[in-house]
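Next come the chains, spelled out residue by residue.
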Amino acid sequence: MKTYLTRRYLFVASHRLHNASLSDVANREIFGRCNNPHGHGHNYFLEVTVSGQIAPETGMVCDVAALDSVVSREILDRFDHQNLNNIQDFSTITPTTENLAMRIQQILSGVPLPANLERVRIEETRNNSFEYMSRESEPGRER
Ligand code: NI
């Protein structure tokens, strides 16, 4: 049996959806207003879901403060108040929120966490959210 814990964080950042290997016309067709040269900002609500056994002595899956400290250091310090187009993570990929969720999942997979990483979910707007599941969390896979 596993128990899941989801913690929610907020960071603000801007992006411009643009693929330099495509023409300006193609970029406008694909990305529409999101290709505006000046970019635009979002309040990104990030949810990080971890799983584990409930520790008998604490009744908890993990120390939430320990999770917060990793997410702050690895993710919020890196992306908050940034123009995503200008940072190394997006030097070769377009900073869509799909790619941002994937990148955050990759970063968190590479550092010690106090419980198993299951899912990264980002709400970009009230109407858009994106999820990136750890491979082991995909339906049908045993772990
Ligand atoms: Ni956007």
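Residues numbered from 1 in each chain as written. Predicted model: local features only at pLDDT ≥ 70, side-chain atom pairs only at ≥ 80, totals over all residues. Heavy atoms only, no water.

J.: Looking at this structure, how should I read the overall build of the chain?
T.: If you tally the helices and strands in the chain, you get three helices and five strands. Written out in order from the N terminus, the α and β elements of the chain read β-α-β-α-β-α-β-β. Projected onto the principal axes, the alpha-carbon positions of the chain cover approximately 60 × 35 × 25 Å. Burial status across the chain gives 41% buried among its 143 residues. Partitioning the intrachain contacts of the chain with sequence separation of at least 6 by distance along the chain shows that 68% fall at a separation of at least 24. (Helix = DSSP H or I, 4+ residues; strand = E, 2+ residues; numbered from the N terminus. Buried < 20%, exposed > 50% of the residue type's maximum accessible area, 1.4 Å probe, protein only. Contact = heavy atoms within 4.5 Å.)

J.: For this particular structure, what's the right way to read the environment of isoleucine 107?
T.: Structurally, isoleucine 107 is set in helix α3 (residues 97-109). Its relative accessible area of 8% is what places isoleucine 107 among the buried residues. The contact partners of isoleucine 107, leaving out residues within four places of it in the chain, are Glu74, Ile75, Arg78, Phe79 and Asp89.

J.: Mind showing me how you'd approach the coordination of the nickel ion here?
T.: Any two of four tetrahedral donors ideally make an angle of 109.5 degrees at the metal, while pairs among six octahedral donors ideally make 90 or 180 degrees. All of the protein donors around the nickel ion are His15 (NE2), His40 (NE2) and His42 (NE2); their distances to the metal are 2.0 to 2.1 Å. Along the chain, the residues donating to the nickel ion are arranged with the sequence spacing H-x24-H-x1-H. In this pair, histidine 15 is assigned in strand β1 (residues 3-15) and histidine 42 in strand β2 (residues 40-52), connecting sequence segments 27 residues apart. In this structure histidine 42 comes out as buried when scored by relative accessible area, which is 13%. (Donors = N, O, S within 2.8 Å, 3.2 Å for Na, K, Ca; no water.)

J.: How should the side chain of glutamate 124 be read in this particular structure?
T.: Position of glutamate 124 relative to the elements: it lies in the loop between β4 (116-123) and β5 (129-133). Of the side chains with opposite charge, arginine 33 lies nearest to the buried glutamate 124, which makes no salt bridge, at 10 Å. A polar side-chain atom of glutamate 124 sits 2.6 Å from a polar atom in the side chain of threonine 97. Engagement of the side chain of glutamate 124 in a polar contact is seen with the side chain of asparagine 128, the distance being 2.9 Å. Not counting residues up to four positions away in its chain, the partners in contact with glutamate 124 are His15, His42, Asn43, Tyr44, Thr97 and Phe130. (Lys, Arg positive; Asp, Glu negative; His and termini not counted. Salt bridge = Lys/Arg side-chain N within 4 Å of Asp/Glu carboxyl O. Polar contact = N/O pair within 3.5 Å; in protein donor to acceptor, adjacent residues only side chain to side chain.)

J.: Where do I start with the environment of histidine 40 in this structure?
T.: Take histidine 40: it is sitting in strand β2. Taking C-alpha positions, histidine 40 is 21 Å from glutamate 131, a pair spaced 91 residues apart along the chain. The contacts of histidine 40, once residues within four sequence positions are left out, are Ala13, Ser14, His15 and Cys34. A distance of 3.2 Å separates the side chain of histidine 40 from the side chain of histidine 42, its partner in a polar contact.

J.: What's the story with the side chain of threonine 97 in this structure? I'm lost.
T.: On the secondary structure map, threonine 97 appears in helix α3. In this structure threonine 97 comes out as buried when scored by relative accessible area, which is 0%. Filtering out sequence-adjacent residues up to four positions away, threonine 97 remains in contact with His15, Tyr44, Ile122, Glu124 and Phe130.

J.: Where do I start with helix α1 (residues 24-31) in this structure?
T.: What sets the pattern is the α-helix's 3.6 residues per turn: residues three or four places apart point alike. Of the residues making up α1, those classed as buried are Ala26, Asn27 and Phe31. With its buried residues spanning 105° around the axis, α1 presents them on a single face. Set apart from the buried face of α1 by more than 90 degrees, the exposed residues are Arg28 and Glu29. Of the residues flanking the end of α1, it is glycine 32, one or two places downstream, whose phi is positive at about 60°. (Arc of directions from axis to C-beta.)

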